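In case you want the letters, here they are:
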Amino acid sequence: MDTVLSGIRPTGHLHLGNYFGAVRSFVKMQNEYNCYFFIADWHSLTTHPTPKNIQNSTRTILAEYLACGLDPEKATIYIQSDVVETIELYLYLNMNTYLGELGRVTTFKEKARQQPDNVNAGLFTYPTLMAADILQHRAKWVPVGKDQEQNMEMARKCARRFNNIYKTDLFPEPQNYYFGAEALKVPGLDGSGKMGKSDGNCIYLCDEEKVVRKKVMRAVTDNGPQSPNSEKPEVIANLFKMMSIVSSADTLQYFEEKWNDCTLRYGDMKKQLAEDMVNVLNPIRERILEFSSDPARLDKIAAAGAMKARESASATLKEVRRTIGFRVY
Ligand code: TRP
């Protein structure tokens, strides 16, 4: 069974875009792969050195992951900072990674521009920590977005280089995993192509019913259809796209027809869209509340996940130490 690994930084909440773009697919993958899902709290120190309440932020994401259906019985769900083994591998990988290649990573250059007073070594070596996350479990597949492709290229380079330098085939080269058609791109409420973390643009899984309705009713639209069967401008196409994701085929068709004969009223359409969205979100939000009201249970789940993750990481590290020539204990 191939190993899959995915990491998420504990900033904020999961939104509908995360859900339909990835998390829903993780739920299926846990039946077909040896899955590791972890929360990258160390990585968040690269930009936020003094996090306000890092354990709470981490529990928030954990509760939301579990509410979506990630199952600690099927997958290894853990918190990065619980697995200290990762740091040892990070150290070895750093010894064979060069300033030039790390300096060319665009996310580093961007962050360096955004936080000129804090261009720290952790930020610089973000890709090698990410490589250690992946390689410690010898993961074959990593589902990531476009913005992580360069980091994935670095992870492959780390694997390849380690294997070459120490004449071993310990590390498989991790590949980007693309969900294909089942990953749905949820558009933003502000008319932008993609739902992202900003209040005017996104619906969080934990948003209350009335918040969801309010946000949908405020979604950007235009003056309405002007001539029969015309092409939809992007903002309107977005509304239809959202409807295709959360509503039934009949509902979608009803509003398509209204658009085509120029009788569509956006208010009606948004009301229906909000209704269908609320129906998708309600059971998820209820589970989020259930999990987040029980931090002790969350901590127990995290502890069990950490144990499984450490077992896998220490098996790899043992091989790494033996291969480089260190004592194995
Ligand atoms: N860099 C990823 C992001 O910002 C988070 C991450 C950290 C990650 N380590 C990882 C993703 C390992 C996949 C695998 O989205």
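Since this is a predicted model, take the numbers as computed values, not measurements.

Novice: Explain helix α10 (residues 209–217) to me, using residue names and the numbers behind them.
Specialist: All buried positions along α10 are accounted for by V212, K215 and V216. Buried residues of α10, viewed axially, fall in a sector of 95°; they line one side. Lining the buried residues of α10 we find α13 (266–292).

Novice: Describe in detail the site of the ligand, supporting the description with residues and values.
Specialist: For the ligand, the full set of nearby residues is L5, G7, R9, F38, A40, H43, Y126, M130, D133, I134, V142 and Q148. A distance of 2.7 Å separates a nitrogen atom of the ligand from a polar side-chain atom of Y126. The contact in question runs from a nitrogen atom of the ligand to an N or O atom on the side chain of D133, over 2.8 Å. Considered on its own, the ligand offers 370 Å² of accessible surface; in the complex 92% of this is hidden by protein. Broken down by secondary-structure element, the contributors of at least two residues to the shell around the ligand are β1 (3–8) and α8 (126–135). Of all the elements, α8 adds the most residues to the shell around the ligand, at four residues.

Novice: Go over the domain arrangement of the protein chain with me, naming the residues and quoting the values.
Specialist: When its domains are assigned, the protein chain resolves into domain 1 (3–184 + 294–324) and domain 2 (209–289). For domain 1 versus domain 2, the distance between C-alpha centres works out to 35 Å. At the interface, eight residues of domain 1 touch eight residues of domain 2. The three residues of domain 1 that bury the most area against domain 2 are L16, F20 and A67, which together make up 56% of that side's buried surface.

Novice: Just give me the short version of helix α3 (residues 54–68), but keep the residues and values in it.
Specialist: The end-to-end C-alpha separation of α3 is 21 Å, in line with the 21 Å expected for 15 residues at 1.5 Å each. Taken from the residues just after α3, G69 is the one with a positive phi, measuring 120°.

Novice: So, the pairing of β1: which residues are in play, and what are the values?
Specialist: Here β1 lies mainly inside the structure; five of its six residues are buried. As paired strands, β1 and strand β2 (residues 34–39) are joined by six bridges and run parallel to one another. Bridge pairing links T3 to N34 in β2. Handedness of the crossover is the feature at issue here: the chain leaves β1, passes through helix α1 (residues 16–32), returns alongside β2, and the resulting connection is right-handed.

Novice: I'd like to hear about the pairing of β2, residue by residue, with values.
Specialist: With five of six residues buried, β2 lies mostly within the body of the structure. Alignment of β2 against strand β3 (residues 76–79), held across four bridges, turns out to be parallel. Residue pairing for β3: F38 is matched across the bridge by Y78.

Novice: Would you mind going over the state of the cysteines in detail, with residue names and values included?
Specialist: According to the stated counting rule, one finds zero disulfides in the structure shown. Summary of cysteine pairing: C35 is not part of a disulfide, and the nearest cysteine sulfur, belonging to C68, is at 15 Å.

Novice: Account for the packing of aromatic side chains, naming residues and giving values.
Specialist: Using the criterion set out here, one finds 13 aromatic pairs in the structure. An angle of 80° between the planes, with centres 5.0 Å apart, marks the rings of Y19 and F20 as edge-to-face. Across this residue pair, the class does not change: Y19 and F20 are buried. Taken together through their ring pairs, the aromatic side chains of F26, Y33, F37, Y65, W141, Y177 and F179 make up a single cluster. Sitting over the face of the ring of F240, K232 holds its NZ or CZ atom 4.3 Å from the ring centroid.

What counts as what
- Residues numbered from 1 in each chain as written.
- Predicted model: local features only at pLDDT ≥ 70, side-chain atom pairs only at ≥ 80, totals over all residues.
- Heavy atoms only, no water.
- Buried < 20%, exposed > 50% of the residue type's maximum accessible area, 1.4 Å probe, protein only.
- Helix = DSSP H or I, 4+ residues; strand = E, 2+ residues; numbered from the N terminus.
- Arc of directions from axis to C-beta.
- Contact = heavy atoms within 4.5 Å.
- Near = heavy atom within 4 Å.
- Polar contact = N/O pair within 3.5 Å; in protein donor to acceptor, adjacent residues only side chain to side chain.
- Areas by Shrake-Rupley, 256 points an atom, 1.4 Å probe, with all protein chains shown as cover.
- Domains from an automatic or database assignment.
- Buried area = accessible area lost by both parts, 1.4 Å probe.
- Expected span 1.5 Å × (residues − 1).
- Pairing = 2+ DSSP bridges.
- Right-handed = clockwise from strand over helix to strand, strands pointing away.
- Disulfide = S-S within 2.5 Å.
- Phe/Tyr/Trp six-rings, centres within 6.5 Å; stacked < 30°, edge-to-face > 60°.
- Lys NZ or Arg CZ within 6 Å of the ring centre and 35° of its normal.

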